[in-house]
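Geometric and topological summary
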Amino acid sequence: MKFSILFGGKAGQGANILSDILGKSLVKKGYYVFVSRDYQSLIRGGHNFNVLTFSDEPVYSNDSEIDLIIALDKNTLELHKKELKKNGNAIHVEAKGNMYFAGRLFKILCMDFKLLEEELRELKGRFDENIREAKEGYEEEKKIACRIIDRKENLNFMNGNQAVSEGAIKSGIDIYYFYPMTPATNVAGELAEKQIENNHIVLELENEIAVINAAVGSAITGAKTMIGTSGGGFDLMTEALSLAGIAESPLVIYLASRPGPSTGLATYSGQGDLDMARHAGHGEFVRMVLSPGDAEECQEITSQAFYFSQKFGVSVIILSDKHLAECLYTIKEKPVITPSKKVTILKKYNSYESDKFGYMTESPEIVNKNVENRLKKQKEIEREAEKFSQFKIFGKSNSENVIVSWGSPKGAILDAIKDIDAKFIQFLYLDPFPMKAKKEIEGKNIILVENDATGQLGKLIAEKTGIIIEDKNKILRYDGRPFFADELKKEIERRLK
Amino acid sequence: MTSDLNTTATPTWCPGCWNFQILAGIKSGLAEEIKKGKNKDDFAIVSGIGCHAKIFDYINLNGINTLHGRVLPTCLGMKVGNPNLNVIGFSGDGDAYAEGIEHLIHAARFNSDFKYFVHNNQVFALTVAQPTPVTELGYKDKTNPLGVKFQPLNPIKLMLASGCGFVARVFAEKSQIEYIFKEAMKHKGFAFIEVIQPCIIFHNDKGYLEKTYSLEKEEHDKTNFDAAWKKADEFDYSTVKKIPLGIFYQKEKPILEELYPQLAELKKKKMSWKDIKR
């Protein structure tokens, strides 16, 4: 059983809150829920929509077809009716508040009104008005499309940004600096809300350059420090990334991508920053690039980022994207948090090559030693990384068809390959690259799935293993939109052997 | 006492550079603080890139010789990381007024409790003589053979306008550095100190010292913003008539480290984040 609902309207009409409320209630009932957000770079007006899919089995993505449309404005109906399934329904009533639709929805899904009331109470504001609207909708609705029962499953519901924040708190974060940039900003919001309760601090500084330099300043005093941004902000940070490289100061950087170049698509999703994350910064220095693929992994990878950054005195980039950052995922397992110690001490640090006291040096002997000492960390990190899930294998383990991907497409791939003959390798460690993955893909029919135009994971695989993925086997989407499981399934099937 | 602050690094400033005087003044100021009971490890220094930054190697204190223009956010980060550290930042005029000028305005606004010395020699000396934003009109070098066309920035006015609670200028003489170091350490909050430090190779003293006078001796009211603004106007960095030295303006206001309860708590308990076990 799988059911999908599209909530659409103008920015400010509250479609987002609607899908949140329903999602939370369904998760409480023990259903697996996935919600994606599509919104424009504007505050009021325009057209925003969320798609919620729920199921009694794990679900990590949406299909391109919809069972029910909740249209808060007429435009939503016009734009999305073509996505409705043949027996699908659409609800649109002019001049009704969003909670009217919540009322109708809860009735349609045969859910107790009390559940909705609970959620409205949590919203705090406008309670009386909301409850009146919701009641009106609940009483008006007569049809039932799907019966929600009590599944007695203990599930959690959060988006990638919330999960990264959770991971940071569980890893003992002390300081988070940021400059607002979609889609990373909500990590700052989540952490800021909890800063007093958890005793850490969140500071917004004048720009990304200040953010990363302040972070280096804090990190060398021994504080566990993290920063967050998207591609454009990360560009500004790269000189100091190189500084952190030579000073060997630990840093956790959350890089939530959106499509570039430049301002690109400010509120949409893309994976075009892998090359940048791997190569940013002048000179040669070691960094790590880790990539979670769902909310559970966001927590785990964040804790690993703190662990590696502290243990090896390196920058660790957590590479996410808008889809992962803002989609709501249902978590069943308890994430495995890797604890980390604060080992950095304040001494003399230098942006120049320096001697053992921290004084600037131009001595070729010392420079050679420094360079070699810094770079040998790569091997040490590779060895340490063996202890972690650097890549994961899903699907039919003995299949000749191997799908390779990383990050947020994981969800749609998992949903797409349920009953086809394919194995799926998800890369969580991109730098260091897990060489053990080579034997999993060598000689197979490799299919690459990525949200970028040049197949950057494909290039990485070629660089590290010499394995070239044929162009016809690359499924690339670069319009800022995520993969839909049903469409992706068809694309994969065309390439199966 | 200053011997503890000495390092084994050999100074590579040009012989006779005014930076030696700044170094001596800072070390003597630090020694005085240590004599009064502070520990060497209670201090940290940060420098940028340029001739000034070599000072990092000549003072035996922890800290970081950071990127060009990024001294201020680095100092801020160190204060947030450990509010009990006494952080002293050093920049050149290129650092402070060109590459990193955005940070200067915000440092005044954030008012984190650290001290900031700008070694202003009115030239990019280490890259061999290019003009900075405070080089006088008409100045020529190989890269600007037509001469500087733009009126220099007035950093004192910029800092006053940005709400800085301690705005001072001194000449690069040991005794003046000692004096202002002491005053800045007494001040709670961000302290901006410009040090006029003529570059003896590329931008020599054009009779600056003779044109200077002491604001203190003239009984300038440093609590009076309008008076400070007028005094700031006396030297435009281009034509040298009068150069007022001393504290233009001083007014204490809440510091960043006390405005956030998390940091205030660390300060109270004499702890840094490193000491927080979770």
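Residues numbered from 1 in each chain as written. Chains lettered and ligands numbered in written order. Predicted model: local features only at pLDDT ≥ 70, side-chain atom pairs only at ≥ 80, totals over all residues.

What follows covers the overall build of chain A. If you tally the helices and strands in chain A, you get 19 helices and 20 strands. The C-alpha radius of gyration of chain A comes to 24 Å, within 12% of the 23 Å expected for a compact globule of 497 residues. Structurally, chain A occupies a C-alpha span of about 80 × 55 × 40 Å along its principal axes. Partitioning the contacts of chain A with sequence separation of at least 6, the portion at a separation of at least 24 is 77%. (Helix = DSSP H or I, 4+ residues; strand = E, 2+ residues; numbered from the N terminus. Rg over C-alpha atoms; globule rule 2.2 N^0.38 Å. Contact = placed C-beta atoms within 7 Å.)

Facing 37 residues of chain A, the contacting portion of chain B comprises 33 residues. Tallied by class, residues from the side of chain A that touches chain B come to 20 nonpolar, 11 polar and six charged. In the sheet, strand S14 (residues 348-350) of chain A pairs with strand S2 (residues 62-65) of chain B via three bridges, with the strands oriented parallel. Counterpart to Asn350 of chain A in the pairing with S2 of chain B is Asn65 of chain B. (Nonpolar A, V, L, I, M, F, W, Y, C, P; charged D, E, K, R; others polar. Pairing = 2+ DSSP bridges.)

Residue and element names in this part refer to chain A. With their axes 9 Å apart at the nearest point, helix H3 (residues 98-108) and helix H4 (residues 113-123) run at an angle of 150° to one another. One element, H3, and the other, H4, form an angle in the roughly antiparallel class. Crossing hand, H3 versus H4: right-handed. From H3, Met99, Ala102, Gly103 and Phe106 reach across to H4, where they touch Phe113, Leu115, Leu116 and Leu120. The residue inventory of the contact of H3 with H4, partitioned by class, reads seven nonpolar, one polar and no charged. (Axes fitted to C-alpha atoms, helices over the stretch in contact; angles between N-to-C directions. Parallel < 35°, antiparallel > 145°, perpendicular 65-115°, else oblique. Left-handed = near helix turned anticlockwise from the far one by under 90°.)

With that settled, consider the domain arrangement of chain A. Residue and element names in this part refer to chain A. Under the domain assignment used here, chain A contains domain 1 (2-140), domain 2 (158-385) and domain 3 (391-494). Summarising the inter-unit geometry, the C-alpha centres of domain 1 and domain 2 are found 36 Å apart. Taken together, the 12 residues of domain 1 in the interface contact nine residues of domain 2. The set of elements that each furnish at least two residues to the side of domain 1 that touches domain 2 consists of helix H1 (15-28) and strand S2 (32-38). For the side of domain 1 that touches domain 2, the element with the highest residue contribution is S2, accounting for six residues. Grouping the constituent residues of the side of domain 1 that touches domain 2 by class yields seven nonpolar, four polar and one charged. (Domains from an automatic or database assignment.)

The next thing to look at is the packing of helix H3 (residues 71-81) of chain B against helix H5 (residues 101-110) of chain B. Residues and elements named next belong to chain B. Where H3 contacts H5, the two axes come as close as 9 Å, and the packing angle between them is 30°. In terms of orientation, H3 lies roughly parallel with respect to H5. Contacts between H3 and H5 involve Leu72, Pro73 and Leu76 from the first element and His103, Leu104, Ala107 and Phe110 from the second. In terms of residue class, the contact of H3 with H5 is made up of six nonpolar, one polar and no charged.

All names here are of chain A. With respect to topology, seven strands assemble into an open sheet ordered S8-S7-S9-S10-S12-S11-S18, the strand pairing being mixed. Every other strand in the sheet has two partners, leaving strand S8 (201-204) and strand S18 (429-431) as the edge strands with one partner each. The average angle at which neighbouring strand axes cross in this sheet is 20°, direction not considered. Pairing geometry for strand S7 (residues 175-178) and S8, over four bridges, is parallel. Bridge pairing in S8 places Tyr177 opposite Leu203.

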